[in-house]
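Given next are the chains, with one letter for each unit.
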Amino acid sequence: MLEKAVLNPARKSFKNVVYRLYEENKAVIEDPYEFADIGLTNHDIVWTGRLRDSQTMTIRHDSDSSLASIKWDPVSPETGERYAMKVFVGFFGWSGRYYPGRDWPDRAVRRSDPENVFESYF
C-alpha cells in the first residue's frame, strides 16, 4: 500500500516532466533567438519542419522503474538522408555556409528545469 502511495505520484511527476521536455524541445527548435549566443540571431532550427515534426516520445513503466525517450529522425525526401545529427553537431549547407551545431535537447532541459518540475508535481 505504501509502495503505491509513493510510486503513483512519482510516476505521475515523471510523466509530467517528460511531457514538459517534449514541448520545450519543440519550443527551442522554433525559437529564432535561442542560439543567438553562437551567432544565429533571428534563425530558428525550423527549415522544413521535418526535425520538429519527427519528434517522438515514449514513456514506459514497469514494476520498479520508469524509462522515457524523446527521439528525432527527420529524413530528407530528396536524398533519404537522416540529418538530425548534422543539426546537432554542425554542417555545411548546400551554399557552402557553415551552420554550427545546435544542442536543442540540452537547451530544452535547461529551460524546463526538470528537477523543480518533478518536485512541484510530486
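Just so it is clear, the model here is predicted, and its values are computed rather than measured.

Caption draft 1: Layout of the pairing of strand S1 (residues 56–61). Bridge count for S1 against strand S2 (residues 66–71) is 6 bridges, and the pairing is antiparallel. The partner of Arg-60 across the bridge, within S2, is Leu-67. Hairpin connection of S1 to S2: 4 residues between the antiparallel strands.

Caption draft 2: Layout of the pattern of salt bridges. Per the counting criterion, the structure on display carries 10 salt bridges. The shortest N-O distance in the salt bridge between Arg-111 and Asp-31 comes to 3.0 Å. Placement of Arg-111 in helix H4 (residues 104–112) and of Asp-31 in the loop between helix H1 (2–30) and helix H2 (50–53) is noted, with a sequence separation of 80 residues between them. In this structure Arg-111 comes out as partly exposed when scored by relative accessible area, which is 32%. Here Arg-111 ties to Glu-34 by a salt bridge, and the two come within 2.5 Å at their closest N and O atoms. Taken together, the positions of Arg-111 in helix H4 and Glu-34 in the loop between H1 and H2 put the pair 77 residues apart, joining distant regions of the chain. Shared partners join several salt bridges into a network, and the residues in it are Glu-24, Asp-31, Glu-34, Asp-37, Arg-107 and Arg-111.

Calculation rules
- Residues numbered from 1 in each chain as written.
- Predicted model: local features only at pLDDT ≥ 70, side-chain atom pairs only at ≥ 80, totals over all residues.
- Heavy atoms only, no water.
- Pairing = 2+ DSSP bridges.
- Helix = DSSP H or I, 4+ residues; strand = E, 2+ residues; numbered from the N terminus.
- Salt bridge = Lys/Arg side-chain N within 4 Å of Asp/Glu carboxyl O.
- Buried < 20%, exposed > 50% of the residue type's maximum accessible area, 1.4 Å probe, protein only.

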